[in-house]
Amino acid sequence: MHDDRKAAEERVARFLAERVRPAVYSERIAMDVSPLQVGDTWGSPWSTTRFEVAGRIPAQWSGRVEAVFDLGFDLTRGPGGQAEALVLDLDGNPLQGLHPYHRSLPVSGPEVRLVVEAAANPPIVASAGRGTHFGSPDTAGDEHLYVLRQADLALRDEDAWHLMLDVEVLASLMRTLPPESPRRHHILRVLDNCVDLPFAEARGLTAGLLSRKAHDSEHTVVAVGHAHIDSAWLWPIRETIRKCTRTFTTVLALAEEYPELVFACSSAQQHAWIKEHQPAVHDRIRQAVKAGNWVPVGGMWVEADANLPGGESLARQLVHGARFFLDEFGVGPDGVWLPDSFGYTAAYPQLARLAGAEWFLTQKLSWNETNRLPHHTFWWEGIDGTRIFTHFPPVDTYNAELTGEELAHAVATYAEKGIGTMSLAPFGFGDGGGGPTREMLEKARRLRDLEGSPKVRIAAPSDFFREARAELPDAPVWRGELYLETHRGTYTSQARTKRGNRRSEALLRHAELWAASAAVRLGTPYPYEELDSLWKRVLLHQFHDILPGSSIAWVHREAEAAYTEIHSGLSDLISASAGDGESLLNAAPVERREVVIVNEPPPVAGQRLSGGRHAAFGRAPALGVGGFLEFNAHPVRATGAFVLDNGLITVHIDADGLVRSVRDHATGREAIAPGAAGNLLQLHPDDPVKWSAWNLDASYRRHRRDLDAAVSVELVDDGPLLAAVRVERRTERSVIVQHLRLAAGSRLLEVDTDVDWQERDTVLKAAWPLDVLAAEITAEIQFGHVKRPTHENTSWDAARFEAWAHRFVHVGEHGWGVALITDSTYGYDVSSDGRSTTVRLSLLRAPRSPDPVADQGRHRFRYGLRPAADIGDAITAGYTFSLPLQPASDRLLGKPLVSVDNPAVIVEAVKLADDRSGAVIVRLYESRGGRARAVLTADFPVTSVSETDLLERPLRPMASGRNAAALSLRPFQIVTLRLER
């Protein structure tokens, strides 16, 4: 037989495009539109245009009638970043959303009257380019973006509609089959024959092809309806609320037509918005949950970034999310649904399990640039040894459309062949919402049991994980973090947003601790509602395109304004609990003695500072309140040669403001590598091939400019308790002023940096070459730390050329080490020359897309060098650096509310129980990676102590006596205790 396959395939494709699809609507009539008309332009950027449509269904029409719209859709783009709309009835009840691939809704008559609320969301491309003027209403302009092309009543031809779907499914399957496959040839010949037949007869032929069953051993794809809706990204939060309404009403309408639909919906915040803004839609969702069509998943307040939020923040993401779902729907999420975060901390398995999760789902690792994760279904083991059953869908998208190509890719890439037979595929348009479509659901019906294709079954995620776990009880294990080999720039982009988050986390810790102390000690009402509201605002801004710095300008300007309000609200709560005065608040979990700068003189003699400030030597117990003390330690000496010495360390700073020596008196060890300079600021060109705000390409390291010359270097006379050297540096555009400060009694050299940053496509690093030979460094993560190599032995090591840490990075040899401490920066890189180890902190970037003015302007942040530090010292320095002693009244003066007698056991949170019983909740963890025994003591009468999960549900009672409880912790174990008063 002659090979005419190419011609036949082209004939089928033309038949589908030119004859079948255009015939789906056999008759159309235009509706009346007011105040617009078809052909009119509409919609300046970010505006909303409301218009009414009216029409009458002809009496002779018999069958399904739909209202069909074209708002000026661009079919080369997805539904998220362009025109979209919500259709309402005349009473204002939402009916369904509209987007390019879901532009019709069924109507009945004879009279049809609808309202369309059309959003002119501008077409923003984030992956390339130099940013967008559409990213702020100030620069977006007012030119209309779209043209109303269609508003029709249309009669659907059922034979054409179903034939279109038959041919699409079969042709797509055919293209995935090998050329030698008989099934491929059979499909082609039958479809070729369909071209010459009326649609009804052609459907008879396609029905025969679709009736052929899959092999018993065929892979099964569990399809889960999904609509990934970024809580902010290329649109502001305001628009996300409306996107949720459009998508959720679309899904609810589809569930009435397709009762088999199961829609997995994460993010309690988005449900909370619907409850507030669209209560009738929220009630419909409740009914859909009961019917099994709607499945709350994820158990998080938002789909947060999984690296940058602090440990307590990740715990509260899970707590607030799960509690909302339990309260509103009576359903406790049984897994974590987090497909699009930019890497996943090794603390997650334990946190997820403590929140009641049994499984974890992610998709983003398919974006890895170098290495592919070797598993799709596996046990993920965290730093404490906790394992959670995890799936990484081999379909490699969380926006699947159930095409033959997608399904074939899932089968081909599935890593557990031979021991596993199933994978999950989230289907539906996403990122900007949209969700499943009728076409996708029709295709799923045809693909349920089809020869040549994997079997497709719509089901809930919990069904998939239950079956997969039963099939693979001994699934492979992946230990440690799930590092994403791309988007490394998100550890640094939009530094003001990151500082706002870190400050919020510190203030929340203060606010809860002192409010609990005031409630227990003084009977002060605990501010449940205020803390709940403020926590949720912080959690919202940890979304995986806000905190990482990858949203448009509008989003980040709103975030900065929100953080100002959050900080003010938390400061008010702290003052209400602890008062204002001359004692010291210590929210850190360690006792401390250090220099404190205050605006008024302390009750003992202090040294006056410039600007009317005063300094005193303060002391406060862990999680407690203390008073000022007379200075009674070695004073700080500063000489004209820029030498700072406090009897513990000596710092030499050269005439260019570079740190040439940091010597530890106790051991005589030098921290700075021979001949090198610490705190060397370096500029690199930073213009990634794509995804400007997200990516930091490895090629940036090829070129570097050292800022090794200073405009001025001068001593700052801060008296005997503080000594500082002020260094000013300039580029052609930017000014950087740093105060290198040493305090009495401290082993920390602090660098306080004030930058007017005006660079473009540039990353700023601070290099610290350390006289320490280390094959690996230790980086703090949530509730613990991880070790990462300083070498590039493997492709996995080389790909981790930029990493993240929370409060410290520690570099050590046996018996001696150095810690770099930060207050609000996360990114860093590390290298070794075989004699020393260089750690470089990533301070600022200047990406152009999607925000063309990202990071421009003023920045203030601190970091520090702590020589002679072991891991315990690094942990202590990290907490004290991020939680400065704060002046307060003496109303809470006394012993700490709770204390622990083992420094390895860190108290992370103290609060009152969410059930408003008055019980005290204490969350603590083992911080050093070893077994630890400790006694927790409460400074108030306790009737009983029990261990709970993160949601404060009881796990087991604990033996206690005399207001104390004995603890035995595994490495990095997190424990939540409930103390009944």
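Computed from a predicted model, the values in this text were never measured in an experiment.

Here's the deal with the overall build of the protein
Point 1. Regarding its fold elements, the protein presents 17 helices and 56 strands.
Point 2. Over its C-alpha atoms the protein spans a radius of gyration of 31 Å, differing by no more than 12% from the 30 Å that the globule rule assigns to 981 residues.
Point 3. If one aligns the C-alpha atoms of the protein with their principal axes, the spans along those axes are about 100 × 65 × 60 Å.
Point 4. The proportion of buried residues among the 981 residues of the protein is 64%.

Overview of the packing of aromatic side chains
Point 1. Summed over all chains, the structure comprises 24 aromatic pairs.
Point 2. For the ring pair tryptophan 359 and phenylalanine 465, a centre distance of 4.3 Å and an interplane angle of 10° mean the geometry is stacked. One end of the pair, tryptophan 359, is in strand E16 (residues 359-361); the other, phenylalanine 465, is in helix H12 (residues 461-471), with 106 residues separating them in the sequence. We note that tryptophan 359, like phenylalanine 465, is buried.
Point 3. Among the aromatic residues, those joined into a cluster by ring pairs are Trp233, Trp235, Trp367, Trp691 and Trp694.
Point 4. The side chain of lysine 364 reaches across the aromatic face of tryptophan 367, ending 3.5 Å from its centre.
Point 5. Here the guanidinium or amino end of arginine 862 rests over the ring plane of phenylalanine 881, the centre of that ring lying 4.0 Å away.

Brief notes about the pattern of salt bridges
Where charged atoms of side chains with opposite charge meet at close range, the side chains can pair.
Point 1. On inspection of all chains with the given rule, the structure shows 94 salt bridges.
Point 2. Its salt-bridge partner being glutamate 260, residue arginine 445 comes within 2.6 Å of it at the nearest N-O pair. A residue pair is termed long-range when its members are at least 10 positions apart, and arginine 445 in helix H11 (residues 438-446) and glutamate 260 in the loop between helix H5 (237-257) and strand E13 (263-265) qualify at 185 residues.
Point 3. Across the pair aspartate 706 and arginine 704 runs a salt bridge whose closest N-O atoms are separated by 2.8 Å.

Considerations on the packing of helix H7 (residues 279-291) against helix H8 (residues 311-329)
Point 1. One way to put it is that H7 packs onto H8 with a least axis distance of 10 Å and a crossing angle of 90°. Considered as vectors, H7 and H8 are oriented roughly perpendicular to each other. In this structure, H7 uses His282, Ile285, Arg286 and Val289 to contact H8, whose residues at the interface are Phe324, Glu328 and Phe329.
Point 2. Here the residues of the contact of H7 with H8 sort into four nonpolar, one polar and two charged.

A look at unusual backbone geometry
Point 1. Following serine 34, the chain continues to proline 35 via a peptide bond in cis, the omega torsion being 5°.
Point 2. One non-glycine residue, glutamine 494, lies in the positive phi region at around 55°.
Point 3. Inspection of the secondary structure assignment puts glutamine 494 in the loop between strand E21 (477-479) and helix H13 (495-522).
Point 4. Residue classification places glutamine 494 among the buried residues on the basis of a relative accessible area of 2%.

Section: the side chain of arginine 156
Point 1. Within the fold, arginine 156 resides in strand E11 (residues 150-156).
Point 2. Assessed through its relative accessible area of 11%, arginine 156 is described here as buried.

Brief notes about the sheet that holds strand E22 (residues 583-586)
Point 1. Here we have three strands laid out as an open sheet, ordered E26-E22-E47, and antiparallel in their pairing. Both edges of this open sheet fall to strand E26 (624-626) and strand E47 (886-888), since each of them pairs with a single strand only. Within the sheet, the average angular offset between the axes of one strand and its neighbour, ignoring direction, is 40°.
Point 2. Sheet contacts for H13: E22, E26 and E47; angle to E22, the most-contacted strand, approximately 115°.

With respect to the environment of arginine 747
Point 1. In this structure, arginine 747 sits in the loop between strand E36 (735-743) and strand E37 (749-757).
Point 2. Classification of arginine 747 as partly exposed rests on a relative accessible area of 26%.
Point 3. Along the sequence, arginine 747 and leucine 513 sit 234 residues apart, while their C-alpha atoms lie 28 Å from each other.
Point 4. Those residues within four positions of arginine 747 in sequence are excluded, and the remaining contacts are Leu648, Ile649, Asp664, Ala666, Leu865, Arg866 and Pro867.

A look at the nonpolar core
Point 1. Formed by 229 residues in total, the largest nonpolar core has its most connected members in Trp294, Tyr348, Leu924 and Leu979.
Point 2. Apart from the residues within four sequence positions on either side, tyrosine 348 is in contact with Met300, Ala306, Leu314, Val336, Leu338, Phe360 and Trp380.
Point 3. Residues Ile672, Leu721, Leu749 and Trp816 belong to the second largest nonpolar core, which totals 57 residues.

Notes on the side chain of histidine 226
Point 1. Along the polypeptide, histidine 226 turns up in strand E12 (residues 220-226).
Point 2. Side-chain polar atoms of histidine 226 contact the side chain of tryptophan 337, separated by 3.1 Å.

So, the sheet that holds strand E2 (residues 32-34)
Point 1. On the basis of which strands lie adjacent, the open sheet formed by five strands has the order E2-E4-E9-E6-E7 and antiparallel pairing. Among the strands making up the open sheet, the edge pair consists of E2 and strand E7 (94-98). Here the strands of the sheet are splayed against their neighbours by 25° on average, with no regard to which way each runs.
Point 2. On top of the sheet, H5 reaches strand E4 (48-56), strand E6 (84-88), E7 and strand E9 (111-119); it is set at about 105° to E7, its chief contact.

Side note on the state of the cysteines
Two cysteines, two sulfur atoms, one covalent bond between them: this is a disulfide.
Point 1. Within the structure shown, the criterion is met by zero disulfides.
Point 2. Residue cysteine 244 stays outside any disulfide, its sulfur separated by 7.2 Å from that of cysteine 265, the closest cysteine.
Point 3. With relative accessibility at 0%, the residue cysteine 244 sits in the buried group.

Describing the confidence of the model for the protein
Point 1. In this model, the protein carries a mean pLDDT of 95, and residues with pLDDT of at least 70 account for 97%.
Point 2. This model gives residues 603-612 a pLDDT under 50, and the stretch forms 22 contacts once residues within four places in sequence are excluded.

With respect to the pairing of E37
Point 1. Of all nine residues making up E37, seven are buried, and the element is well covered by its neighbours.
Point 2. Alignment of E36 against E37, held across seven bridges, turns out to be antiparallel. Considered in E37, the bridge of histidine 739 is made with aspartate 752.
Point 3. Hairpin geometry of E36 and E37 is characterised by an intervening segment of five residues between the two adjacent antiparallel strands and by a positive phi of about 75° at glycine 745.
Point 4. For E37 and strand E46 (residues 857-867), the ladder comprises nine bridges, and the chain directions are antiparallel. By the bridge assignment for E46, aspartate 756 is matched with arginine 858.

Quick notes on the rules
- Residues numbered from 1 in each chain as written.
- Predicted model: local features only at pLDDT ≥ 70, side-chain atom pairs only at ≥ 80, totals over all residues.
- Heavy atoms only, no water.
- Helix = DSSP H or I, 4+ residues; strand = E, 2+ residues; numbered from the N terminus.
- Rg over C-alpha atoms; globule rule 2.2 N^0.38 Å.
- Buried < 20%, exposed > 50% of the residue type's maximum accessible area, 1.4 Å probe, protein only.
- Phe/Tyr/Trp six-rings, centres within 6.5 Å; stacked < 30°, edge-to-face > 60°.
- Lys NZ or Arg CZ within 6 Å of the ring centre and 35° of its normal.
- Salt bridge = Lys/Arg side-chain N within 4 Å of Asp/Glu carboxyl O.
- Axes fitted to C-alpha atoms, helices over the stretch in contact; angles between N-to-C directions.
- Parallel < 35°, antiparallel > 145°, perpendicular 65-115°, else oblique.
- Contact = heavy atoms within 4.5 Å.
- Nonpolar A, V, L, I, M, F, W, Y, C, P; charged D, E, K, R; others polar.
- Pairing = 2+ DSSP bridges.
- Core = buried A, V, L, I, M, F, W, Y, C linked by side-chain atoms within 4.5 Å.
- Polar contact = N/O pair within 3.5 Å; in protein donor to acceptor, adjacent residues only side chain to side chain.
- Disulfide = S-S within 2.5 Å.
- pLDDT = per-residue confidence, 0-100.

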